[in-house]
Amino acid sequence: MEVRAIWEGGRAFEAKGPSGYPMNMDATPNYGGEGQAPTPTEMLLSALAGCIGIDVTMILKPHLEKMESIEIIVKGSRREELPTAFTAAELLFDVKGDIDAKKVVRAIKLGEEKYCAVSASLKADITHRLILNGIEIEF
(Lines give C-alpha, C1' and ligand atoms only; values in the text may rest on other atoms or scores of the structure.)
Protein backbone atom coordinates (compact mmCIF):
# COMPACT_ATOMS: atom_id res chain seq x y z
CA MET A 1 0.00 0.00 0.00
CA GLU A 2 1.19 3.48 -0.79
CA VAL A 3 -0.07 6.77 0.62
CA ARG A 4 1.16 10.12 -0.66
CA ALA A 5 1.06 13.25 1.50
CA ILE A 6 1.32 16.58 -0.32
CA TRP A 7 2.28 19.71 1.57
CA GLU A 8 -0.49 22.33 1.40
CA GLY A 9 1.48 25.14 3.07
CA GLY A 10 2.09 25.94 6.71
CA ARG A 11 1.83 22.62 8.56
CA ALA A 12 -1.04 21.25 6.45
CA PHE A 13 -0.88 18.11 4.30
CA GLU A 14 -3.35 16.25 2.13
CA ALA A 15 -2.80 12.52 1.89
CA LYS A 16 -4.33 10.04 -0.54
CA GLY A 17 -4.08 6.29 -0.54
CA PRO A 18 -5.30 3.62 -2.93
CA SER A 19 -8.96 4.49 -2.22
CA GLY A 20 -8.38 7.97 -3.65
CA TYR A 21 -10.13 9.74 -0.78
CA PRO A 22 -8.32 12.83 0.50
CA MET A 23 -7.30 12.95 4.16
CA ASN A 24 -6.39 16.42 5.35
CA MET A 25 -4.09 16.96 8.32
CA ASP A 26 -2.87 20.06 10.11
CA ALA A 27 -1.00 20.92 13.26
CA THR A 28 -2.56 22.80 16.12
CA PRO A 29 -1.62 26.49 16.47
CA ASN A 30 0.87 25.71 19.26
CA TYR A 31 2.85 23.67 16.69
CA GLY A 32 2.63 26.33 13.98
CA GLY A 33 -0.48 25.03 12.25
CA GLU A 34 -3.85 26.60 11.73
CA GLY A 35 -5.89 23.77 13.24
CA GLN A 36 -7.92 23.44 10.04
CA ALA A 37 -7.95 19.63 10.00
CA PRO A 38 -7.34 16.69 12.33
CA THR A 39 -3.80 16.21 13.57
CA PRO A 40 -1.93 13.07 12.52
CA THR A 41 -2.19 11.72 16.08
CA GLU A 42 -5.97 12.25 16.08
CA MET A 43 -6.10 10.37 12.80
CA LEU A 44 -4.03 7.55 14.31
CA LEU A 45 -6.49 7.05 17.19
CA SER A 46 -9.38 7.38 14.72
CA ALA A 47 -7.76 4.72 12.54
CA LEU A 48 -7.49 2.43 15.57
CA ALA A 49 -11.20 2.88 16.36
CA GLY A 50 -12.21 2.45 12.74
CA CYS A 51 -10.03 -0.60 12.17
CA ILE A 52 -11.23 -2.55 15.18
CA GLY A 53 -14.80 -1.30 14.62
CA ILE A 54 -14.79 -2.71 11.10
CA ASP A 55 -13.41 -6.01 12.39
CA VAL A 56 -16.01 -6.21 15.17
CA THR A 57 -18.89 -5.54 12.75
CA MET A 58 -17.53 -8.17 10.35
CA ILE A 59 -17.30 -10.74 13.15
CA LEU A 60 -20.78 -9.83 14.43
CA LYS A 61 -22.31 -9.70 10.92
CA PRO A 62 -24.98 -12.36 11.69
CA HIS A 63 -26.15 -10.26 14.66
CA LEU A 64 -26.01 -6.72 13.23
CA GLU A 65 -29.78 -6.54 12.69
CA LYS A 66 -30.11 -6.77 16.50
CA MET A 67 -27.65 -3.92 17.05
CA GLU A 68 -28.92 -0.41 17.74
CA SER A 69 -25.56 1.34 18.01
CA ILE A 70 -21.83 0.91 18.49
CA GLU A 71 -19.70 3.81 19.70
CA ILE A 72 -15.98 3.43 20.23
CA ILE A 73 -14.21 5.99 22.41
CA VAL A 74 -10.41 5.86 22.33
CA LYS A 75 -8.32 7.52 25.03
CA GLY A 76 -4.63 7.64 24.24
CA SER A 77 -1.81 8.32 26.70
CA ARG A 78 1.44 9.75 25.40
CA ARG A 79 5.02 10.12 26.57
CA GLU A 80 6.07 13.49 27.96
CA GLU A 81 9.38 13.55 26.10
CA LEU A 82 9.94 13.60 22.34
CA PRO A 83 8.80 11.74 20.43
CA THR A 84 5.51 11.97 22.30
CA ALA A 85 4.46 8.50 21.16
CA PHE A 86 1.35 6.79 22.46
CA THR A 87 2.22 4.48 25.33
CA ALA A 88 -1.32 3.25 25.95
CA ALA A 89 -4.76 3.34 24.40
CA GLU A 90 -8.02 2.40 26.06
CA LEU A 91 -10.93 1.55 23.79
CA LEU A 92 -14.37 1.85 25.32
CA PHE A 93 -17.04 0.09 23.29
CA ASP A 94 -20.51 1.43 24.08
CA VAL A 95 -22.88 -1.04 22.44
CA LYS A 96 -26.65 -1.09 22.46
CA GLY A 97 -28.77 -3.92 21.17
CA ASP A 98 -30.15 -7.38 21.76
CA ILE A 99 -26.89 -9.32 21.66
CA ASP A 100 -25.09 -11.67 24.03
CA ALA A 101 -22.19 -9.96 25.85
CA LYS A 102 -19.93 -12.98 25.27
CA LYS A 103 -20.27 -12.53 21.51
CA VAL A 104 -19.31 -8.88 21.70
CA VAL A 105 -16.34 -9.57 23.99
CA ARG A 106 -15.17 -12.35 21.66
CA ALA A 107 -15.48 -10.05 18.63
CA ILE A 108 -13.48 -7.29 20.33
CA LYS A 109 -10.72 -9.72 21.36
CA LEU A 110 -10.54 -11.31 17.90
CA GLY A 111 -10.54 -7.92 16.25
CA GLU A 112 -7.56 -6.72 18.24
CA GLU A 113 -5.59 -9.95 18.57
CA LYS A 114 -6.07 -11.38 15.08
CA TYR A 115 -7.42 -8.90 12.55
CA CYS A 116 -6.79 -5.21 13.32
CA ALA A 117 -3.70 -4.11 11.40
CA VAL A 118 -3.64 -0.73 13.17
CA SER A 119 -3.51 -2.15 16.71
CA ALA A 120 -0.89 -4.67 15.58
CA SER A 121 1.20 -1.78 14.24
CA LEU A 122 1.20 0.25 17.45
CA LYS A 123 3.70 -0.20 20.28
CA ALA A 124 1.13 1.11 22.78
CA ASP A 125 -0.46 -1.08 25.43
CA ILE A 126 -4.06 -1.45 24.23
CA THR A 127 -6.87 -2.26 26.65
CA HIS A 128 -10.62 -2.62 26.19
CA ARG A 129 -13.80 -1.94 28.11
CA LEU A 130 -17.34 -2.84 27.09
CA ILE A 131 -20.56 -1.19 28.14
CA LEU A 132 -23.49 -3.21 26.80
CA ASN A 133 -26.90 -1.59 27.18
CA GLY A 134 -25.59 0.64 29.97
CA ILE A 135 -23.90 -2.15 31.97
CA GLU A 136 -20.12 -2.58 32.13
CA ILE A 137 -19.11 -6.10 31.11
CA GLU A 138 -15.95 -7.70 32.48
CA PHE A 139 -13.38 -8.99 30.00
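Scroll up a little and you will see the structure.
Note that this is a predicted model, so its numbers are computed, not measured.

Peer 1: What am I meant to see in a nonpolar patch on the surface here?
Peer 2: Judged by side-chain polarity, Met1, Val3 and Met23 come together as a nonpolar surface patch covering roughly 360 Å² of accessible area. Mapped onto the fold, Met23 is located in strand β3 (residues 22-25).

Peer 1: What is the right way to look at helix α1 (residues 40-59) in this model?
Peer 2: Every α-helix carries 3.6 residues per turn, so stepping three or four residues along brings you back to the same face. Here α1 contains 20 residues, and its C-alpha end-to-end distance of 28 Å stays within 8% of the 28 Å for a straight helix at 1.5 Å per residue. For α1, the full list of buried residues reads Leu45, Leu48, Ala49, Cys51, Ile52, Gly53, Asp55 and Val56. For α1, the elements touching its buried residues are β4 (67-78), β5 (86-97), α2 (101-115), α3 (117-121) and β6 (125-132).

Peer 1: Is there a simple way to think about the sheet that holds β3 in this case?
Peer 2: Backbone-to-backbone hydrogen bonds pair the strands of a sheet. The strands run either parallel or antiparallel. What the three strands build is an open sheet, ordered β1-β2-β3; its pairing is antiparallel. Looking along the sheet, the strands with just one partner apiece sit at the ends: β1 (4-9) and β3. Along the sheet, successive strands turn relative to each other by an average axial angle of 25°, direction set aside. The pairing of strand β2 (residues 12-16) with β3 spans four bridges and is classified as antiparallel. By the bridge assignment for β3, Lys16 is matched with Pro22.

Parameters and conventions
Residue numbers restart at each chain and count upward from 1, following the sequence in its written direction. In keeping with the model being predicted, local features are shown solely for residues with a pLDDT of at least 70 and side-chain atom pairs are shown and tallied solely at 80 or more, while totals for entire chains, interfaces and linings include all residues. With hydrogens and water set aside, each side-chain value is computed from the structure's full complement of heavy atoms. Like-charged residues are merged into a patch within 9 Å and nonpolar side chains (Val, Leu, Ile, Met, Phe, Trp, Tyr) within 5 Å, provided each residue has over 30% relative accessible area and no salt bridge. For every accessible area listed, the method is Shrake-Rupley and the probe measures 1.4 Å; residues are considered covered only by the protein chains on display. Any carboxyl oxygen of Asp or Glu within 4 Å of a side-chain nitrogen of Lys or Arg constitutes a salt bridge here. A run of H or I in DSSP becomes a helix once it reaches four residues, and a run of E becomes a strand once it reaches two; helices and strands are each numbered from the N terminus. What a helix should span is 1.5 Å times the count of its residues minus one. Relative accessibility thresholds used throughout: buried, under 20% of the residue-type maximum; exposed, over 50%; partly exposed, between the two (1.4 Å probe, protein chains only). Contact criterion: two residues are considered in contact whenever any of their non-hydrogen atoms come within 4.5 Å of each other. Pairing between two strands is assigned when DSSP locates at least 2 bridges connecting them. Here, axes are lines fitted to C-alpha atoms. For helices the fit covers the stretch in contact, and angles between N-to-C directions go from 0 to 180 degrees.

Purely geometric stuff here, so don't read any function into it on its own.
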